[in-house]
Amino acid sequence: MLPNDFPEDLKPRLAPTPGGDMGYDCLSCGRRHAPDQLLYTCPDCGGLLMLTDAKFDELKRKPGQFWRRLFDHRLMLNLQAIRGVFTFQEFLAPNIPLVDVVYLGEGHTPLIAAPRELAKTVGAHFFVKTEGQNPSASFKDRGMAAALSMLNNLVRVKNLGQVVAVCASTGDTSAAAALYAASLGGSVKSSVLLPKGRVTPQQLSQPLGAGAAVFELPGVFDDAMRVVERLSEKYQVALLNSKNPWRVLGQESYAYEVAQQFDYSLRDKVLVVPVGNAGNITAVLSGLLKFFRASVIDGLPKIVAVQSKRANPVFLYYRQPSASRSYAPVTVRPSVAQAAMIGDPVSFPRLTALAAQYEATAGAPAFFVVEVDETSIMESMLLANRNGLAVCTQGGECLAGLRAALAEGLVTPSETAVLDSTAHALKFVDFQNAYFEGRLLDDYGIKSRPELANKPRPVNLGAAPVPGPGVALSAEERERFVSAAAAQIAVALGLEDKAR
Ligand code: F0G
């Protein structure tokens with residue numbers, strides 16, 4: 001649709017212009033810092049930072065209806081820079097001009113209703129938001145689009161020359177960071193630190209393919225994260241973990257899209273989110289609060305955060321009575337939800353601050369944390385896949401979390417859940433194969449159920465001629481091959497002969 005065809009009142013706002021008054025707020029000392037620099041911790045006290053817009057209240061001057069119409073109309077505007085997470089520029093990062101926006105096709109992922117039979121098995125109606133359909137096949141692209149757009153802006157405005165970007169990762173942040181940095185044609189060189197043997201081969205291939213410097217470290221994610229923190233404290237580097245608060249802003253788009261996909265009606269909804277480093281859950285809470293405060297949505301959904309029992313510091317914290325909670329990192333054990341296998345989440349202080357605001361604003365219990373075991377994660381993933389929903393192990397963790405929340409009565413069957421299927425199933429396919437082959441018992445404590453296993457079946461052709469690349473069969477040989485193979489497959493499938 002061409003700009004002239006849009007309603008008159010929306011025309012001036014269709015393409016967002018730079019605005020707002022962004023700044024880094026320190027969660028520890030409360031000081032505010034200018035946004036035109038790369039900060040990951042407070043220069044005064046070392047505390048964790050959040051980015052806020054001091055002019056946010058100006059957004060409230062427009063009625064919610066205005067924003068809903070604007071965002072919905074923007075979906076019809078063919079303007080690259082706002083086709084992704086910057087559809088919601090005013091709420092996300094209003095300072096970033098569209099010329100600096102990096103867009104690789106992220107965001108606006110489908111929301112798929114679970115088939116009726118599956119919903120019946122699970123005990124509630126639910127949808128899956130398929131974040132694996134992002135360009136590097138995970139939700140991390142949302143945050144990376146915002147962080148790299150800001151970096152792109154700083155490189156241009158401040159003439160920074162070449163920037164070295166670093167991140168630690170369980171495999172998806174690194175894939176996204178490498179891809180988005182590569183799109184900038186040399187101004188940002190990306191380096192990623194991975195816990196050796198704790199990312200999947202598919203995830204490892206991604207930053208290698210994008211030309212990043214890839215370092216494999218002994219240990220788990222938490223160890224690699226400490227090294228990256230040291231690098232960002234001591235050296236001139238751009239940190240691309242969600243400690244970088246621009247990442248969190250980009251990931252808020254997930255919440256905005258869920259709102260938009262339900263026509264801004266979220267009252268009876270439950271958002272289920274897997275938690276690792278706690279960047280995503282922070283972003284979801286923050287985005288929903290912003291939309292609620294500006295009356296874009298008229299109610300806050302319930303939030304169910306999910307962790308594996310083998311990496312559950314957030315669960316252990318919220319399990320304690322609210323008056324006397326104390327936080328302790330945990331030593332993680334191997335989990336099939338490997339991307340969320342984190343014992344000391346960097347965004348924990350942001351999460352507690354936002355969860356408290358969320359509960360206070362919702363006026364009723366609205367933030368819950370559940371833990372799930374490894375077997376339920378794998379079986380839920382396979383169940384979803386067997387019902388047409390290709391989810392990764394973290395998506396399986398979400399479904400297991402919904403089942404746990406239903407069993408505990410935190411969610412009722414009359415509510416509608418939205419599962420965050422955070423990455424593409426194919427990134428984690430080795431866990432599926434290991435389950436099928438019964439190889440998850442020792443390390444993960446998962447006993448495979450034979451009825452859920454599947455394997456390819458050889459077709460034994462006996463003396464029939466065998467085709468292959470570069471092998472030309474005669475018509476008679478091809479006929480023998482085709483009829484021998486078809487006959488054998490028909491027997492295996494118990495097919496009835498049409499002629500009978
Ligand atoms: N699901 C997937 C597929 C992930 O890659 C991650 C985190 C999470 C869930 C948890 O989200 O950290 O925001 O709480 N992966 C990070 C990484 C840590 O390095 O790729 P979170």
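Up top is the structure.
This structure is a prediction, so every number in the text was calculated from the model and none was measured. (Residues numbered from 1 in each chain as written. Predicted model: local features only at pLDDT ≥ 70, side-chain atom pairs only at ≥ 80, totals over all residues. Heavy atoms only, no water.)

### Regarding the nonpolar core
The cut-off we apply is this: Nine residue types can take part in a nonpolar core, namely buried Ala, Val, Leu, Ile, Met, Phe, Trp, Tyr and Cys, and a core is a set of them joined through side-chain atoms within 4.5 Å. Only protein chains enter the accessibility calculation, which uses a 1.4 Å probe; a residue is then buried when its area is under 20% of its type maximum, exposed when over 50%, and partly exposed in between. Boundaries of every domain are those given by an automatic assignment or by a domain database. Between two residues, a contact is recorded if the distance between any of their heavy atoms is within 4.5 Å.
Formed by 107 residues in total, the largest nonpolar core has its most connected members in Phe91, Leu148, Trp246, Ile281, Leu288, Phe291 and Phe367. Here this core spans two domains, and each of domain 1 (111-136 + 252-452) and domain 2 (140-249) adds at least three residues to it. For leucine 148, the contacting residues outside a window of four places in its chain are Val102, Tyr180, Ala181, Leu184, Val188 and Leu240. In terms of nonpolar packing, the next biggest core, distinct from the first, is built from 44 residues, Ala404, Ala405, Ala417 and Phe428 among them.

### Let's talk about the pattern of salt bridges
So the rule is basically this: Put simply, a salt bridge is a Lys or Arg side-chain nitrogen that is within 4 Å of an Asp or Glu carboxyl oxygen. We count a stretch as a helix when DSSP gives it H or I for four or more residues in a row; a strand needs E for two or more, and each element gets its number in order from the N terminus.
Tallied over the full model, the rule gives 24 salt bridges. In this structure, arginine 69 and aspartate 9 form a salt bridge, with 2.8 Å as the shortest nitrogen-oxygen distance. A residue pair is termed long-range when its members are at least 10 positions apart, and arginine 69 in helix α2 (residues 64-74) and aspartate 9 in the segment before β1 (22-26) qualify at 60 residues. Using a relative accessible area of 25% as the deciding quantity, one classes arginine 69 as partly exposed. For glutamate 257, the salt bridge identified is with lysine 129, shortest N-O distance 2.8 Å. On the criterion of sequence distance, the pair formed by glutamate 257 in helix α10 (residues 253-261) and lysine 129 in strand β5 (residues 125-130) is long-range, its members being 128 residues apart. Each member of the pair glutamate 257 and lysine 129 is classed as buried. Each of Lys129, Glu131, Arg142 and Glu257 takes part in a single network of salt bridges with overlapping partners.

### Some details on the site of the ligand
Defined as follows: In this text, near means that some heavy atom of the residue lies within 4 Å of the molecule or strand in question. Throughout this description, a polar contact denotes any pair of N or O atoms lying within 3.5 Å of each other; where both atoms belong to protein, one of them has to be capable of donating a hydrogen while the other can accept it, and for residues adjacent in sequence the pair is counted only when both atoms sit in side chains. Per-residue accessibility takes into account occlusion by the displayed protein chains alone, with areas from the Shrake-Rupley method and a 1.4 Å probe. In this analysis, the protein atoms alone were mapped onto a 1 Å grid. Cavities are point sets where a 1.4 Å probe fits without being able to get out; pockets are open sets with protein on both sides within 12 Å along at least five of seven lines; lining residues have an atom within 4 Å of a point. Those molecules having more than half of their atoms within 2 Å of a cavity or pocket grid point set are described as sitting in that cavity or pocket.
Near the ligand, the surroundings consist of 18 residues, among which Ser169, Asp172, Thr173, Gly276 and Thr422 are the closest. In this structure, an oxygen atom belonging to the ligand sits 2.6 Å away from a side-chain N or O atom of aspartate 172. Glycine 276 places a polar main-chain atom, nitrogen or oxygen, 2.7 Å from an oxygen atom of the ligand. Bound to the protein, the ligand loses 99% of the 470 Å² it would expose on its own. With respect to the detected pockets, the ligand is housed in the largest cavity. Contributions of two or more residues to the shell around the ligand are made by α6 (172-182) and α11 (279-293). Counting only domains with at least three residues in the shell around the ligand, you end up with domain 1 (111-136 + 252-452) and domain 2 (140-249).

### Quick look at the side chain of serine 169
Note that serine 169 resides in the loop between β6 (163-168) and α6. Side-chain polar atoms of serine 169 contact the backbone nitrogen of threonine 173, separated by 3.2 Å. In this structure the side chain of serine 169 is engaged in a polar contact, spanning 3.1 Å, whose partner is the backbone nitrogen of serine 174.

### Remarks on the packing of aromatic side chains
Stated formally: The aromatic pairing rule takes the rings of Phe, Tyr and Trp, using the six-membered ring of Trp, and pairs them if the centres are within 6.5 Å, calling planes under 30 degrees apart stacked, those over 60 edge-to-face and the rest tilted. Working rule: Lys NZ or Arg CZ, within 6 Å of ring centre, within 35 degrees of ring normal, means a charge sits over the ring.
Counted under the stated rule, the structure contains 21 aromatic pairs. With a centroid separation of 6.3 Å and an interplanar angle of 70 degrees, the aromatic rings of phenylalanine 88 and phenylalanine 291 are classed as edge-to-face. Here phenylalanine 88 is found in the loop between α2 and α3 (89-92), whereas its partner phenylalanine 291 is found in helix α11, with 203 residues between them in sequence. Each member of the pair, phenylalanine 88 as well as phenylalanine 291, carries the same accessibility label: buried. Ring centres 6.5 Å apart and planes at 70 degrees place the aromatic pair tyrosine 435 and phenylalanine 436 in the edge-to-face group. Residue class for tyrosine 435 comes out buried when judged on its relative accessible area of 0%. The structure contains a cluster of three or more aromatic residues connected by ring pairs, namely Phe56, Phe66, Trp67, Phe71, Phe88, Phe91, Tyr256, Tyr264 and Phe291. The positively charged end of lysine 62 is found above the aromatic ring belonging to phenylalanine 66, 4.6 Å away from the centroid. Its guanidinium or amino end placed over the ring of phenylalanine 262, lysine 269 lies 4.7 Å from that ring's centre, counting from NZ or CZ.

Without other data, these values stay purely geometric and don't point to any function.
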